[in-house]
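Geometric and topological summary
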Amino acid sequence: MKDSLTGCVECLGALDHCHGTLVFHSHGAVECTDDACVLLHAVRHTLVVDCSAVAGGCTCVEVTEQLRAS
């Protein structure tokens, strides 16, 4: 449940977390949409997605498919 003053229960409780989205790429790389995030662990992120779910797609999916085809 969100606190109406802070908007984030994790912030209010001083819990280690990130407000960004963690993105797993098909070639094994992981990145976060929050530039300030330095710990790329899934447990720190509420939102975790595969790069194919990113709006506009991700070029690593195309590269991986081309490598598999060759």
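Residues numbered from 1 in each chain as written. Predicted model: local features only at pLDDT ≥ 70, side-chain atom pairs only at ≥ 80, totals over all residues. Heavy atoms only, no water.

**A word on the pairing of strand β1 (residues 18-24)**
For a regular strand, side chains alternate in direction, first toward one face of the sheet and then toward the other. Stated precisely, the cut-off is as follows: Any residue under 20% of the maximum accessible area for its type is buried, any over 50% is exposed, and the rest in between are partly exposed; the area is computed with a 1.4 Å probe on protein chains only. A helix here means a DSSP run of H or I that spans at least four residues, while a strand means a run of E at least two residues long, and both kinds are numbered starting from the N terminus. Strand pairing is assigned whenever DSSP identifies at least 2 bridges connecting the two strands.
β1 sits mainly inside the fold: five of its seven residues count as buried. Where β1 lies against strand β3 (residues 45-50), five bridges are found, and the strand directions are parallel. Looking at the pairing, F24 lines up with D50 of β3. Pairing analysis gives three bridges linking β1 to strand β2 (residues 30-32), with the strands arranged antiparallel. The residue of β2 that forms the bridge with V23 is E31. Turn length for the β1-β2 hairpin, with the two strands adjacent in sequence and antiparallel, is five residues, and the turn residue G28 shows positive phi of about 105°.

**Comments concerning the sheet that holds β2**
The condition that has to hold: Note on method: axes are straight lines fitted to C-alpha atoms, helices fitted across the in-contact stretch only, with angles between N-to-C directions ranging 0 to 180 degrees.
Read from one edge of the open sheet, three strands run β2-β1-β3, paired in mixed fashion. This sheet does not close on itself; its edge strands, each paired only once, are β2 and β3. Within this sheet the neighbouring strands show an average axis-to-axis angle of 25°, counted without direction.

**Section: the layout of surface pockets**
Rules: Think of a 1 Å grid over just the protein atoms. A cavity is a set of points where a 1.4 Å probe fits yet cannot get out, a pocket is an open set with protein on both sides within 12 Å along at least five of seven lines, and lining residues have an atom within 4 Å of a point. Grid points are joined across faces, edges and corners, and a volume is the space filled by probe spheres set on the points. Residue polarity is assigned by list, with Asp, Glu, Lys and Arg as charged and Ala, Val, Leu, Ile, Met, Phe, Trp, Tyr, Cys and Pro as nonpolar; anything else, Gly included, falls into the polar class.
If you add up the space inside the largest pocket, you get close to 220 Å³. As for the largest pocket, its lining consists of 15 residues, and the residues nearest its centre are C8, E10, H17, H19 and T46. Mapped by element, the contributors of at least two residues to the lining of the largest pocket are α1 (9-12), β1 and β3. Considering only residue class, the lining of the largest pocket consists of five nonpolar, six polar and four charged.

**What about the environment of T33?**
In plain terms, the rule: Contacts: residue pairs with any heavy atoms within 4.5 Å of one another. Whenever a nitrogen or oxygen atom comes within 3.5 Å of another N or O atom, the pair is scored as a polar contact, on the condition that within protein one atom can donate a hydrogen and the other can accept it, and that pairs from neighbouring residues in sequence are kept only if both atoms are in side chains.
The residue T33 is located in the loop between β2 and β3 in this model. Owing to a relative accessible area of 52%, T33 belongs among the exposed residues under this scheme. For the pair T33 and C18, spaced 15 residues apart in the sequence, the C-alpha separation amounts to 9.7 Å. The contacts of T33, once residues within four sequence positions are left out, are G20, T21 and V23. Of note is the side chain of T33, whose polar atom sits 2.8 Å from the backbone nitrogen of T21.

The values are spatial; any link to function lies outside them.
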